[in-house]
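For reference, the chains in residue letters:
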Amino acid sequence: MAEKKPTDINEVTTEIIDADLLIIGGGNAGCFVAIEARKQAPGLKIVIMEKAHINRSGACSSGMDAINTYIPPDKTPEDLVRWCRAQVGGGPIREDLALSNSEELNEAVDDLERWGLPILRDEDGNVKYRGDWDISIHGEQLKPIMAEKAIETGADVYNRVVGTTLLMDGETCVGAMGFGIRNGKFYVFRAKATVVSTGGACGLYKSYTSDSTNSHHQTWMCPYNVGTGYAMGLRQGAEFTSMEQRWVATRSKDFCGPIDTISVGYKAPIINGKGERVMDNYEHLGGDKAPRYIRANAPMEEWLAGRGPTYCDTTHLSPDEVKALKTDYLNERPSFVLFLASLGQDITKDPIEIYGSDPYINGGHTQSGFWVDIDRMTTVRGMFAAGETAGGHPNKFVGGCAVEGKISARAAIKYMTNLSLSELDQDQVDREKERVFAPLLRGGDFDGVRAIEMEERMQRLMDEYAGGTSQFYRTNEERLDYALKHLNILRDQVKFLKAEDLHDLMLVHEVIDRIEVAEVVVHHLKFRKETRWQGWQTRTDYPDIDPELDCFVETRRNLESGEIETFTRPYEQLVSGDRYSS
């Protein structure tokens with residue numbers, strides 16, 4: 001239970017924790033950071049700061065039914081890079097990152113199986129593939145398995161501590177700060193190296209599914225991943241890449257559940273309201289194996305053309321296949337089985353309706369995130385990124401995010417060699433403590449704004465003006481200008497946010513983080529004056545690809561002016577072959 005609400009900043013206890021390695025976010029990548037760090041440096045003091053509880057936190061918290069990338073015996077790491085590149089329309093992607101990740105991918109997945117993850121195999125003991133690259137698992141216990149191994153390292157895990165900002169020594173990251181949701185303490189973590197593995201950003205856009213439920217975040221992506229790691233880096237001038245490449249996916253309508261389980265695992269084609277196979281219209285792009293953004297956008301194009309609703313056609317499935325399909329969902333999204341039951345739907349007679357999700361910033365699926373070097377260090381010295389926070393490399397998924405954790409751990413250990421902890425800047429600590437607890441200390445008579453009110457305003461802005469679901473992911477210059485103008489108004493109005501208790505205080509800081517990340521996303525969408533990834537990034541005023549923009553779009557906040565600066569970096573092809581095919 002939470003402690004009594006403080007009435008004065010002097011009532012808030014400050015606790016200082018020293019570490020060699022600080023891991024912010026104990027999800028998939030964060031667990032692998034701890035495990036690899038302990039393997040490489042047995043005497044290292046490792047601290048994990050986790051907003052939820054490490055046993056069930058992050059994007060894998062509720063389980064998975066597949067590992068989306070595992071290199072088959074007849075393929076190479078270079079082949080996987082080619083596939084990753086083709087799945088985003090030829091890129092550009094960071095091929096150096098993708099290749100270094102692919103070279104360690106299978107070993108990381110094998111680790112999971114050794115620790116107890118059931119990977120399905122055939123009668124000859126071979127891994128069962130459900131597509132060209134993804135393998136079937138019974139993964140309901142995936143996150144607890146990771147967490148158990150991370151805890152076994154002896155790392156000090158601080159559960160239910162919200163990260164709020166990085167601790168800096170000049171331009172170098174030397175830890176982070178945050179507050180306890182349950183005990184109300186203000187935490188200062190000093191560290192020689194810091195890895196940010198806080199996941200992506202959900203809830204920037206309005207979810208149409210939430211209209212019919214009292215669940216405020218009825219989304220496909222983990223709703224507790226709100227972009228906090230991005231916001232922490234943004235405030236210190238970290239560089240971002242490819243934030244305009246939003247993740248939009250085809251999901252079950254009115255529930256927002258995963259569809260690859262059905263379409264890939266059970267070969268259920270996408271059909272429109274007339275019963276026509278939708279992906280037949282995209283044979284020139286690969287049909288059912290077309291790039292992911294094409295497959296995500298195709299059903300929405302059917303709606304726009306007057307041929308909706310759209311479905312995954314499950315009417316060919318046998319009773320045994322239906323049972324197996326529902327078993328798969330019990331491993332990842334068990335409530336979807338209850339959803340079908342509530343409808344009284346026999347999916348062998350009525351296909352499953354599908355629609356587009358709200359857009360997410362998810363560096364595990366697309367390539368949005370921090371610009372990092374080959375060691376996964378960001379442009380802020382001493383701050384590394386792992387998993388969904390590390391940009392430039394799409395299609396990492398579970399296995400690839402695990403590898404990111406291992407790579408960043410080794411690099412962080414190398415970086416901290418001969419380093420000592422920096423002297424604590426008490427003024428910096430006091431300023432952050434005041435900022436963090438201000439919404440809680442404004443008093444009961446303060447006529448302020450609740451977190452949910454500001455969040456809903458932000459989500460409506462992003463949905464209607466920055467290419468959300470209601471606009472079929474389309475936007476233009478004037479709408480983006482409108483979004484930026486009003487996001488800046490919201491940034492100014494965060495001083496009116498109020499919190500009733502510590503949980504409410506967490507929600508306040510989540511919406512502050514989301515607004516800052518949303519601004520970055522809009523700047524990226526505005527700069528890319530072309531349509532390179534329909535659905536993920538559609539400009540109605542620039543409907544074609546511009547060869548001059550075959551590059552990475554980058555941003556950073558100028559710490560002197562406070563403005564977002566936008567610029568580009570060149571693309572370099574390292575793996576041979578046609579960029580547009582795998």
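Source: prediction; values computed, not measured. For every chain, the first residue of the written sequence is number 1, and numbering continues from 1 along that sequence. For this predicted model, a pLDDT threshold of at least 70 governs which residues receive local features, and a threshold of 80 or more governs which side-chain atom pairs are given and counted, while totals over whole chains, interfaces and linings are taken from all residues. Processing note: side-chain calculations cover all non-hydrogen atoms of the structure and skip hydrogens and water entirely.

Visitor: So what's going on with the sheet that holds strand S10 (residues 250–252)? Residues and values would help.
Guide: Paired through their backbone hydrogen bonds, the strands of a sheet run either parallel or antiparallel. For two strands to be treated as a pair, DSSP must find no fewer than two bridges joining them. Here a helix means four or more residues in a row that DSSP labels H or I, a strand means two or more in a row labelled E, and each is numbered from the N terminus. Spatially, the 4 strands line up as an open sheet ordered S10-S13-S12-S11, and their pairing is antiparallel. Since the sheet does not close on itself, it has two edges, and those belong to S10 and strand S11 (270–271), each with one partner. Where strand S12 (residues 310–312) lies against strand S13 (residues 352–356), 3 bridges are found, and the strand directions are antiparallel. Bridging from a neighbouring strand, cysteine 312 pairs with isoleucine 352 of S13. Only heavy atoms matter for contacts: two residues are in contact if any of them lie within 4.5 Å across the pair. Helix axes are fitted to C-alpha atoms over the stretch in contact, other axes to C-alpha atoms as well, and angles between N-to-C directions run from 0 to 180 degrees. Each of S10, S11, S12 and S13 touches helix H7 (residues 292–304); the most contacted strand, S13, lies at about 100 degrees to it.

Visitor: Give a description of the sheet that holds strand S9 (residues 240–241) that names residues and reports values.
Guide: Pairing within the open sheet is antiparallel, and its 4 strands lie in the order S14-S9-S18-S19. Of all strands in the sheet, those bounded by a partner on one side alone are strand S14 (369–370) and strand S19 (564–570). Direction of pairing for S9 relative to S14: antiparallel, over a ladder of 2 bridges. Bridge pairing in S14 places threonine 241 opposite glycine 369.

Visitor: An account of helix H3 (residues 95–115) is requested, with residue identities and associated values reported.
Guide: Over its 21 residues, H3 extends 30 Å from the first C-alpha to the last, a length consistent with the 30 Å expected when each residue adds 1.5 Å. The positive-phi residue at the C-terminal boundary of H3 is glycine 116, with phi of around 125 degrees. Working rule for helices: expected span equals 1.5 Å times residues minus one.

Visitor: Could you give an account of the nonpolar core, with specific residues and numbers?
Guide: Throughout this description, the term nonpolar core refers to a set of buried Ala, Val, Leu, Ile, Met, Phe, Trp, Tyr and Cys residues connected via side-chain atoms within 4.5 Å. Residue exposure (1.4 Å probe, protein chains only): buried if accessible area is under 20% of the type maximum, exposed if over 50%, otherwise partly exposed. Ranked by internal contacts, the top residues of the largest apolar core, which has 100 residues, are Leu21 and Leu112. Per element, the largest residue contribution to this core is 10 residues, and it comes from helix H10 (residues 397–415). Lining this core are residues from two domains, each supplying at least three of them: domain 1 (250–356) and domain 2 (433–549). The contact partners of leucine 21, leaving out residues within four places of it in the chain, are Val33, Ala37, Leu44, Lys45, Ile46, Val47, Ala191, Ala193, Val195, Ala412 and Met416. Formed by 74 residues, the second largest nonpolar core is a distinct cluster that contains Met168, Tyr205, Met458 and Leu505. As annotated, the domain borders come from an automatic or database domain assignment.

Visitor: Explain the packing of H3 against H10 to me, and be specific about the residues and the numbers.
Guide: Here H3 crosses H10 at 105 degrees, and the two axes come no closer than 8 Å. Taken together, the axes of H3 and H10 lie roughly perpendicular to each other. Where H3 approaches H10, its residues Ser100, Asn101, Glu104, Leu105, Glu107, Ala108, Val109, Asp111 and Leu112 are matched on the opposing element by Val398, Gly399, Gly400, Ala402, Val403, Glu404, Lys406, Ile407 and Arg410. Per-class residue counts for the contact of H3 with H10 are 8 nonpolar, 4 polar and 6 charged. Note on angle classes: values under 35 degrees are labelled roughly parallel, values over 145 roughly antiparallel, values of 65 to 115 roughly perpendicular, and the remainder oblique. Residue classes follow a fixed rule: Ala, Val, Leu, Ile, Met, Phe, Trp, Tyr, Cys and Pro count as nonpolar, while Asp, Glu, Lys and Arg count as charged, and any other residue, Gly among them, counts as polar.

Visitor: Can you lay out empty space enclosed by the protein for me, pointing to particular residues and giving the numbers?
Guide: Where empty space is left can be seen by rolling a probe of water-molecule size over the atoms. Put simply, the grid is 1 Å and covers the protein atoms alone, a cavity is a trapped set of points that fit a 1.4 Å probe, a pocket is an open set with protein on both sides within 12 Å along at least five of seven lines, and lining residues have an atom within 4 Å of a point. Grid points are joined across faces, edges and corners, and a volume is the space filled by probe spheres set on the points. Evaluation of the coordinates by the stated rule reveals 1 cavity of 30 Å³ or more. Approximately 30 Å³ is the volume found for the largest cavity. Lining the largest cavity, in full, are Thr69, Leu80, Cys84, Asn101, Ser102, Leu105, His393, Asn395, Lys396 and Gly400. Broken down by secondary-structure element, the contributors of at least two residues to the lining of the largest cavity are helix H2 (77–87) and H3. A class-by-class count of the residues in the lining of the largest cavity yields 3 nonpolar, 6 polar and 1 charged.

Visitor: Before we move on, could you go through the layout of surface pockets and cite the residues and values that matter?
Guide: Of the voids in this model, the second largest pocket is the one considered here, and its volume is about 460 Å³. Thr165, Arg235, Glu432, Arg435 and Glu516 are, among the 23 residues lining the second largest pocket, the residues nearest its centre. Sorting the residues of the lining of the second largest pocket by element identifies strand S6 (161–169), helix H11 (426–437) and helix H14 (502–527) as the ones contributing at least two each. It is H14 that provides the largest number of residues to the lining of the second largest pocket, a total of 5 residues. Partitioned by chemical class, the residues of the lining of the second largest pocket number 10 nonpolar, 4 polar and 9 charged.

Visitor: Could you give me a rundown of a negative patch on the surface, with the residues and numbers involved?
Guide: Like charges within 9 Å and nonpolar side chains (Val, Leu, Ile, Met, Phe, Trp, Tyr) within 5 Å are joined into patches, using only residues over 30% in relative accessible area that form no salt bridge. All accessible-area figures derive from a Shrake-Rupley calculation using a 1.4 Å probe, and residue coverage is judged against the displayed protein chains alone. What counts as a salt bridge is simple: a side-chain nitrogen of Lys or Arg found within 4 Å of a carboxyl oxygen of Asp or Glu. Residues scored as charged are limited to Lys and Arg (positive) and Asp and Glu (negative), so that His and the chain ends carry no count. Charge positions are represented by NZ for Lys, CZ for Arg, CG for Asp and CD for Glu. Judged by side-chain charge, Asp8, Glu11, Asp169, Glu423, Asp425, Asp427, Asp430 and Glu434 come together as a negatively charged surface patch. Counting residues per element, the negative patch draws most heavily on H11, which supplies 3 residues. With respect to the helices, strands and loops of the structure, aspartate 425 is situated in the loop between H10 and H11. A relative accessible area of 34% places aspartate 425 in the partly exposed class.

Visitor: Please give an account of the pairing of S6 that cites residues and values.
Guide: Most of S6 sits out of view: 8 of its 9 residues are buried. Here 7 bridges tie S6 to strand S7 (residues 172–180), and the two strands are oriented antiparallel to one another. Within S7, the position partnered with valine 162 by the bridge is phenylalanine 179. Hairpin remark: S6 followed by S7, antiparallel, with 2 residues in the connecting loop; positive phi at glycine 170, about 65 degrees.

Visitor: Talk me through the packing of helix H13 (residues 477–493) against H14; I want residue IDs and the actual numbers.
Guide: One way to put it is that H13 packs onto H14 with a least axis distance of 10 Å and a crossing angle of 160 degrees. Taken together, the axes of H13 and H14 lie roughly antiparallel to each other. Judged by the twist between their axes, the crossing of H13 over H14 is left-handed. Between H13 and H14, the contacting residues are Glu477, Leu480, Asp481, Ala483, Leu484, Leu487, Asn488, Leu490 and Arg491 on the first element and Ile515, Ala518, Glu519, Val522, His523, Leu525 and Lys526 on the second. Handedness of a crossing follows from how the near helix is turned relative to the far one, being left-handed for an anticlockwise turn of less than a right angle and right-handed for a clockwise one.

Visitor: Let's hear about the pattern of salt bridges: which residues, and what values?
Guide: For the structure shown, the criterion picks out 46 salt bridges. A salt bridge links aspartate 111 to arginine 114; the nearest nitrogen and oxygen atoms lie 2.4 Å apart. Highlighted residues: aspartate 111 and arginine 114, both in helix H3, separated by 3 residues, approximately one helical turn. Between glutamate 244 and arginine 528 there is a salt bridge, with the nearest N and O atoms lying 2.7 Å from each other. Of this pair, glutamate 244 sits in the loop between S9 and S10 while arginine 528 sits in the loop between H14 and strand S17 (538–539), placing them 284 residues apart in sequence. Taken individually, glutamate 244 and arginine 528 each receive the classification buried, so the pair is uniform in this respect. Put simply, Glu244, Arg528, Glu530, Arg532, Asp550 and Arg579 are held in one network by salt bridges that share partners.

Visitor: Explain the side chain of histidine 509 to me, and be specific about the residues and the numbers.
Guide: With respect to the secondary-structure elements, histidine 509 resides in helix H14. Overall, the relative accessible area of 4% leaves histidine 509 in the buried class.

Visitor: Outline the side chain of arginine 376, listing residues and values.
Guide: Among the secondary structure elements, arginine 376 is positioned in the loop between S14 and strand S15 (383–385). On the basis of relative accessibility, which here comes to 0%, the residue arginine 376 falls in the buried class. Two N or O atoms form a polar contact when they lie within 3.5 Å of each other; inside protein one atom must be a possible hydrogen donor and the other a possible acceptor, and for residues adjacent in sequence the pair counts only when both atoms belong to side chains. Within the structure, arginine 376 has its side chain in polar contact with the backbone oxygen of leucine 97 (distance 3.1 Å). Looking at arginine 376, its side chain comes within polar contact range of the main-chain oxygen of isoleucine 374, at 2.7 Å. Setting aside chain neighbours within four positions, we find arginine 376 in contact with Leu97, Ser100, Asn101, Phe384, Ala385, Glu404, Ile407 and Ser408.

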